[in-house]
Amino acid sequence: MPDIAIVGAGLAGCECARVLAALGVEVTLFECKPKERSAAHVSDSLSELVCSNSLRSDALASGIGLLKQELRDLASPFMVDADACRVPAGKALAVDRELFAARVTEAVVQNPKIHLVQATISSLEDERLAPFRYIVLAAGPLATESLSESLAQAIGMEHCYFYDAIAPIVWGHSLDHTIVFRGSRYGDEQGEAADEGDYLNCPMNRDEYNTFYEALCAAEKVHARDFEKHFEGCMPIEALAERGPKTLVFGPMKPVGFTDPRTGRRPWALLQLRAESLNAAAYNLVGCQTKLTYAEQARVFRLIPGMAKAEFVRFGSMHRNTYVNAPKVLAPDSSLLARPNVFVAGQISGVEGYVESAAHGHWVARILQARLTGSTLATPPVTTALGALLGHLRTEQKKFQPSNAHFGLMPEPGFRIPKKERKEWYAERARKDFAAWQAGLAHELTQTGIVH
């Protein structure tokens, strides 16, 4: 019988399929596009990035930067493509989202070991899944209602939801460049010229910020449903603003590290805009994910200096994200306790973020290859970024919530380390432990004759 069916060709599904193919395993990849799209998707390409083009920090002294490096160590196809499609974003790794999705799509379509079937799988009981030994559910947080209901029935629990918000995108040519200036945080200290830096910045004085803030708080929002919950790492800007007038100034609109060229002083607040593509024609409003109505988005964001005549490529919106209570319903290998032949990969498992989703899809692929060959696969130590992320899915909590990769998921050092040295210490320990784990993995594969 055929070995593996993967449902969903997003970041986790494509990574899982491509890693399995690289390991010599044929897979069938089901994707509902182009026949169906979620409310957040606009393209027919696979692995579409919907809410941002940023894969966040690339610094090793951060949980996400560490995770990306571990994926590079594992020859992750996702990271190869991301690095090839990067656009300037300071210390972050951001990509040209259209180029990235096109590159992944081409790689999947041309891979002889991946059989892409463009059809909607609406249930785990779908007859098209019946012939396969193993099923990987990688439909993402935007899985269809029917597939989500089928999953809920299989695990015997109510749905768990949180709602995600995506930020607006504006055309760069529509900005007022007599006000907007280019620069990265602390750019002058790094020796940058005034016209250098990866971000565009809209500076606000106190009165301008207060005008924007009051309009934001009073703006009409899309009606909220009773069961809506927001993931803390992707709160709508208006929800953050409700916590107090200085919340944004100390959060997504913090002006620290910038000087307004017009005044020679630090602004009271500042909005950053990040390029969406290599040609820098369009810009994402960093930290401005929102569920304001479209008309209110245009009115409120045009109150920001430099954006009075901004033309919107895409407005922000809300979309449903579904995930399972992983510690209760998943086995350590990410299979369903209730259905051991069904694996869950990506955000629907309870990891949060683009890189985390791809990383989990990568791991599920390696787990499946080990199962098919009758070998064992040791989990990376919890002191590593990947191991800590997998550990999060096994750690029971009073109220399980999706999580990004961060140092808080790793064990404490057990002795005092100066605050300014802690991140570097976590990173150094992780790199050492990951290298040892990978060396042990390579030795075991050599011993069993399974060498990648």
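See the structure above.
Procedures and definitions
- Residues numbered from 1 in each chain as written.
- Predicted model: local features only at pLDDT ≥ 70, side-chain atom pairs only at ≥ 80, totals over all residues.
- Heavy atoms only, no water.
- Buried < 20%, exposed > 50% of the residue type's maximum accessible area, 1.4 Å probe, protein only.
- Helix = DSSP H or I, 4+ residues; strand = E, 2+ residues; numbered from the N terminus.
- Pairing = 2+ DSSP bridges.
- Axes fitted to C-alpha atoms, helices over the stretch in contact; angles between N-to-C directions.
- Contact = heavy atoms within 4.5 Å.
- Polar contact = N/O pair within 3.5 Å; in protein donor to acceptor, adjacent residues only side chain to side chain.
- 1 Å grid on protein atoms, 1.4 Å probe; cavity = no way out; pocket = protein on both sides within 12 Å on 5 of 7 lines; lining within 4 Å.
- Points joined across faces, edges and corners; volume = space filled by probe spheres on them.
- Nonpolar A, V, L, I, M, F, W, Y, C, P; charged D, E, K, R; others polar.

Moving on, we get to the pairing of strand E12 (residues 269–275). On a regular strand, one side chain projects to one face of the sheet and the next to the other, so that they alternate. Burial within E12 is extensive, with seven of its seven residues counted as buried. On E12, burial covers both faces: Ala-269, Leu-271, Leu-273 and Ala-275 on one face and Leu-270, Gln-272 and Arg-274 on the other are all buried. Pairing between strand E11 (residues 199–204) and E12: six bridges, direction antiparallel. Within E12, the residue paired with Tyr-199 across the bridge is Arg-274. The pairing of E12 with strand E13 (residues 282–285) spans three bridges and is antiparallel. Opposite Leu-273, over in E13, you have Leu-285 as the bridge partner.

Moving on: the sheet that holds strand E1 (residues 4–7). Pairing is parallel in the open sheet, where five strands are placed in the order E6-E2-E1-E7-E16. In this open sheet, the two edge strands, each paired with only one partner strand, are strand E6 (114–118) and strand E16 (342–344). Within the sheet, the average angular offset between the axes of one strand and its neighbour, ignoring direction, is 20 degrees. Inspection of the sheet shows E1 paired to strand E7 (residues 134–137) by four bridges, in the parallel sense. Along E7, the bridge assignment pairs Ala-5 with Ile-135. Its contacts with the sheet place helix H10 (residues 354–373) against E1, E7 and E16, and it is angled at close to 155 degrees to E16.

Right, let's get into the side chain of Glu-356. Tracing the backbone through its elements, the reader meets Glu-356 in helix H10. A polar side-chain atom of Glu-356 sits 2.6 Å from a polar atom in the side chain of Arg-56. Look past the residues within four positions of Glu-356 in its chain and what remains in contact with it is Arg-56, Ile-64, Leu-67, Val-351, Leu-389, Asn-404 and Ala-405.

To continue, consider the environment of Gly-24. Relative to the elements of secondary structure, Gly-24 occurs in the loop between helix H1 (11–22) and strand E2 (27–31). Residue Gly-24 is classed as partly exposed on the basis of its relative accessible area of 45%.

Attention shifts here to the pairing of strand E5 (residues 92–95). Side-chain alternation along E5 places Ala-92 and Ala-94 on one buried face and Leu-93 and Val-95 on a second face that is also buried. Note: strand E3 (residues 54–57) against E5, two bridges, orientation antiparallel. Paired with Ser-54 across the strands is Ala-94, a residue of E5. Judged from the two bridges that link them, strand E4 (residues 86–87) and E5 form a sheet pairing that is antiparallel.

Moving on to the layout of surface pockets. Estimates place the volume of the second largest pocket at around 420 Å³. What lines the second largest pocket is a set of 18 residues, and nearest its centre among them are Val-42, Arg-97, Glu-98, Ile-169 and Glu-276. Among the secondary structure elements, those contributing two or more residues to the lining of the second largest pocket are helix H4 (97–110), strand E9 (169–171) and strand E14 (312–314). Looking at which element gives the most residues to the lining of the second largest pocket, the answer is H4, with three residues. When grouped by side-chain class, the residues that make up the lining of the second largest pocket number nine nonpolar, three polar and six charged.

Among the structural elements, Lys-33 can be located in the loop between E2 and E3. Within polar-contact distance, the side chain of Lys-33 engages the backbone oxygen of Ser-43 at 2.9 Å. Among the polar contacts made by the side chain of Lys-33, one reaches the main-chain carbonyl oxygen of Ser-45 at a distance of 2.9 Å. Excluding residues within four positions of it along the chain, Lys-33 makes contact with His-41, Ser-43, Asp-44, Ser-45, Glu-48 and Gln-118.

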